[in-house]
Amino acid sequence: MIIDGKEIELDEDGFLVDPADWAENLVEYFAKQEDVSELTEKHWKVINYLRDYFKKFEVAPMVRKLCKETGFSLKEIYELFPTGPAKGACKLAGLPKPTGCV
Amino acid sequence: MLFFIGQVFPYLAVGVFIVGMIWRVGKWLRVPVPFQLTLSPAPVTISSRFGKVCGELLLFPSLWCGDRGLWLWAWLMHVSLAMVIGGHIVGISSIGLQFMDIGFTAGQSLALSALMGTSSGVVMLVALIILLYRRTAVPEIKRLSDPADYFDLLLILAIVVSGLHMRMTSLNVDLMAIRAYLGGIISFHPIPIPKEWIFVSHFFLVNVLLIYIPFSKLVHFAGSIVNQSMLVAPAPVYPSPIKTNSANVSAKVRLWEGGNSQ
Amino acid sequence: MKPPMHIAKEKDTAAIGFPLVPENDQQAVTLSKMKDLQSSMRSLMVMLDNCTKCGNCAKQCHSYLGTEDYFNFPAARAELMRRIYKRYFTWVGRTFGRFAGAEDFDDETLNKWLTYFYQCNECRRCAQFCPFGIDTAEVTIAARHILSELGLMPKFMQGIAANMEKTGNNMGIPIPAILDCAEFMEDEMLEETGLSIKIPIDKPNSDILYIPSSADFFTNIDTMIGAAKLFHYLGVNWTISSNILEAANFGLLFNLNVMREHNERLKTAAGAVGAKLVIQGECGHGWRAAKMYTEGSNGPVDFEIIHILEYCAQHLEKLPLKKLPMRVTLHDPCNYARAGEIIEQPRAIIRACVTEFVEMTPNRENNFCCGGGSGILMDEMMEIRMKLGKKKAEQVSALGKLDYLAMPCSICKAQIPAVMKHYGIDNLSMGGVMDLVGKAMILGKN
């Protein structure tokens, strides 16, 4: 996949294979795939929280923790990211797709 | 030709049937059951387990709960089959006089035997025809069926038709001669088969069926018991009641050894 | 035919010990694996030999009813393997070919297996309605095992297996994250009750080892909180092991050797912790694996294995519960009702926790699968998943107004909300049974 002139590897679900490849310009690209019409400050708050947590703990945070720390209810998170915190928000934040029973 | 059909083939057929069934069931029983397949809720006592398996064999509750129409014709077919087989065993030895033991006259006994025999045969015929029709009429069943599935039904139908023919037409079939002939077979002193073509065909087809059963889906009469036993087996109990002694481990615990043979 | 899911890449399957078998060798290896399985599990030959093609299973399978695809009809699904079995392993099939229902292995065989054996939820409902008890799940388990041994498996399964190997749980949650999650949940409980309720991780010399589903540490934390509150109230000495933060055993769903490995973790963890009692959390197939497959996989064990719902039901009378004013129904997970002997316990618990409990129809061992069973949770199969969940949606909508749908299995918790949303039934909460216990329990200031 070539985005903005740089070669990025994505898996079949469209997630970054190597989280280190994440850059801000990719977020716009992912946003279109995940039905996010416009990237607002609220979106970035979630994305930044996810990235920080992932850097520290190598995994996505618990959904309730995400809600609590960002101050958004689960409903609001779905409004921001229609495909959900696991699929939508994690993809935009460059995290690997959460797998398992989710 | 008649010598072969009358005095050789029956032994061949029964031999193949017995050996074949032992081989087929043995093939299954030789393989271990590494993981209990208990289908819950499972019966808890030995007698209730026995009851469940027998209940399924006798009444077909799974069909009753699933498809009443199928239940009716499959059950009738099997029940009339049982009556026919039972009737042959009893009837051939007693020539229809068995009911005298419970107080009927000879005439009444013969009439009752004839009634029971004919009605079982007719019910079986009707059931088989309906099952055969169902197999062609229901699209998924038709797609699922192999030629062998039709062959099974047709073979059994041919046997039933030839048997009913003997019973219901005025073709004179000499019952005493047949009785003597079968007695000869059973006592290993075979005598020539009675020459009535209807009897010869009926008997020949029965022997063909005996040879066919162990190698076809008709083994389900035995397979059913083997399979259902797995489903009613008790679930494991923990802590395991066997001591963690290596000698006991290999003998009692059914460890699975299949897998990555690469 | 292209299987409707992403297939794991060669390097990924090789990384978990399943290198891709070259196409030319696939037939030979398939037949060799079939032979292995035939001599290892009695169920396979018996179930392949005894089908009389009566078709009673058709109307009882939610997969067939929902997708209306002929090969999802249980007997037809089993035929995909049965025909190969007859052709190569029975003299009748070898001699009489198509007459006896035998078929040659061809280019499409493995694609069909991948497509259809991953549309069977291994729910065992067909076994109930088969006069012989033929369990298509057994054939599916065998087929998926053979496919994985060839290096063919959904990406979903491979990812989970890789995570499990690395971290001991399906989600790949490493130890620091586990501790962080536990701390968060402890904080939540403190805020709610004013009590310091702990979630011990790797506490040595514990009597009880609790094995939650890893999803209880991601999306379904109310289930974990419910269990933690239960243990706290009963004052028992319990812990979670970071080596096996996973009640699930996805090996059961794609490869039996992997199933044994995952199961071994359970045995090792229990030994390490010194637990005499292992309690499995809300996970359907994981319960079946723990209860039915432990002895056969790893020999005798000297601890007890029970389910959190059994344990909770045993102690139900003691618990300080105030009934929540809700109208609740229960979805019986397949692996509890048809493979795990857990039928009445969730009902007893729910009745103690809420004011109104209603049964869906059919229920108990006759219940329909949610459609996600055996790990069919792939995003790319969403359309098929929604068809598989059709019967479930019908069952729930028939109940009218509901406040809560109890579904004590992680796969169901992932699948059912998507199904309900798809079919327009979204005015109800959904979650586990232990969630209700946590919410109904009177602890501290709440």
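Look above for the structure.
What you are looking at is a predicted structure, and each value in this text was computed from that prediction instead of being measured.

How should I be thinking about the interface of chain A and chain C in this particular structure?
A common way to report how large an interface is uses the accessible area buried once the components associate. Between chain A and chain C, the contact holds 15 residues from the first and 30 residues from the second. Element by element, the count of residues in the side of chain A that touches chain C is highest for helix α3 (residues 63–70) of chain A, at three residues. Counted by class, the side of chain A that touches chain C contains seven nonpolar, two polar and six charged residues.

Help me out: how do you make sense of the nonpolar core in this one?
It is characteristic of soluble globular proteins that their nonpolar side chains tend to be buried jointly. Within the largest apolar cluster, 185 residues are counted, with the highest numbers of intra-cluster contacts made by L50 of chain A together with V437 of chain C. Those residues within four positions of V437 of chain C in sequence are excluded, and the remaining contacts are G226, L230, C312, I349 and C353 of chain C. In terms of nonpolar packing, the next biggest core, distinct from the first, is built from 14 residues, L63, L70, A74 and M124 of chain B among them.

Help me out: how do you make sense of the environment of T70 of chain A in this one?
Residues and elements named next belong to chain A. Note on placement: T70 falls in helix α3. Residues T70 and Y49 lie 21 residues apart in sequence; the distance between their C-alpha atoms is 7.4 Å. If we ignore the near neighbours within four places in the chain, the residues touching T70 are K45, V46 and Y49.

Mind showing me how you'd approach helix α2 (residues 23–38) of chain C here?
The periodicity of an α-helix, 3.6 residues per turn, causes residues three or four positions apart to be oriented the same way. The first and last C-alpha atoms of α2 of chain C sit 23 Å apart over 16 residues, in line with the 22 Å expected at 1.5 Å per residue. Here the buried face of α2 of chain C lies against α3 (42–49), α5 (74–89) and α9 (136–149) of chain C.

What's the story with the pairing of strand β3 (residues 277–280) of chain C in this structure? I'm lost.
A regular strand places its side chains on the two faces of the sheet in alternate fashion. Residues and elements named next belong to chain C. Of the strand pairs in this sheet, strand β1 (residues 208–211) and β3 are connected by four bridges, and their pairing is parallel. Note that in β3 the partner of I208 across the bridge is L277. Judged from the four bridges that link them, β3 and strand β4 (residues 304–307) form a sheet pairing that is parallel. Bridge assignment links V278 to a residue of β4, and that residue is I305. Chirality of the crossover, the property in question, places the unit of β3, helix α15 (residues 284–298) and β4 among those that are right-handed.

Can you help me understand the interface of chain C and chain B in this one?
Taken together, the contact between chain C and chain B spans 65 residues of the former and 60 residues of the latter. Residue assignment for the side of chain C that touches chain B shows that the elements contributing at least two residues are α2, α3, α5, α8 (125–129), α14 (256–273), α15 and β4 of chain C. Top contributing element to the side of chain C that touches chain B by residue count: α3 of chain C, with six residues. Here the side of chain C that touches chain B is composed, by residue class, of 31 nonpolar, 17 polar and 17 charged.

Explain the packing of helix α11 (residues 175–193) of chain C against helix α12 (residues 221–234) of chain C here, please?
If you want to describe how two helices pack, look at the angle between their axes and the distance between the axes. Residue and element names in this part refer to chain C. As a packed pair, α11 and α12 sit with axes 11 Å apart at the nearest point and diverge in direction by 65°. Relative to α12, the element α11 is oriented roughly perpendicular. Considering the relative orientation of α11 and α12, their crossing is right-handed. When α11 is examined against α12, the residues M185, E188 and M189 are found in contact with a partner set consisting of I221, M224, I225, A228 and K229. For the contact of α11 with α12, the residue count by class is six nonpolar, no polar and two charged.

About the cut-offs
Going along each chain's sequence as written, the residues are numbered from 1 onward. Going through the entries in the order they are written, you letter the chains from A and number the ligands from 1. The predicted nature of this model means local features are confined to residues of pLDDT at least 70 and side-chain atom pairs, given and counted, to a pLDDT of 80 or more, with totals for whole chains, interfaces and linings taken over all residues. The contact criterion used is a C-beta to C-beta distance within 7 Å, with each C-beta placed from the backbone. Numbering of helices and strands runs from the N terminus; a helix is a DSSP stretch of H or I covering at least four residues, while a strand is a stretch of E covering at least two. Charged means Asp, Glu, Lys or Arg here, nonpolar means Ala, Val, Leu, Ile, Met, Phe, Trp, Tyr, Cys or Pro, and polar covers whatever is left, Gly included. When buried Ala, Val, Leu, Ile, Met, Phe, Trp, Tyr and Cys residues are joined through C-beta atoms within 7 Å, the set is termed a nonpolar core. Backbone-placed C-beta atoms define the burial measure: a residue is buried with 20 or more other C-beta atoms within 10 Å of its own, exposed with 12 or fewer, and partly exposed in between. Expected span of a helix, by definition, is 1.5 Å for each gap between consecutive residues, and there is one gap fewer than residues. Should DSSP find at least two bridges between two strands, the strands are regarded as paired. Every crossover in which the path from the first strand over the helix to the second runs clockwise, viewed with the strands pointing away from the viewer, is termed right-handed. Simply put, an axis is a line fit to the C-alpha atoms, just over the touching stretch for a helix, and the angle between two N-to-C directions goes from 0 to 180 degrees. For this classification, under 35 degrees means roughly parallel, over 145 means roughly antiparallel, 65 to 115 means roughly perpendicular, and everything else is oblique. It is the rotation of the near helix from the far one that decides the hand of a crossing: anticlockwise by less than a right angle makes it left-handed, clockwise makes it right-handed.

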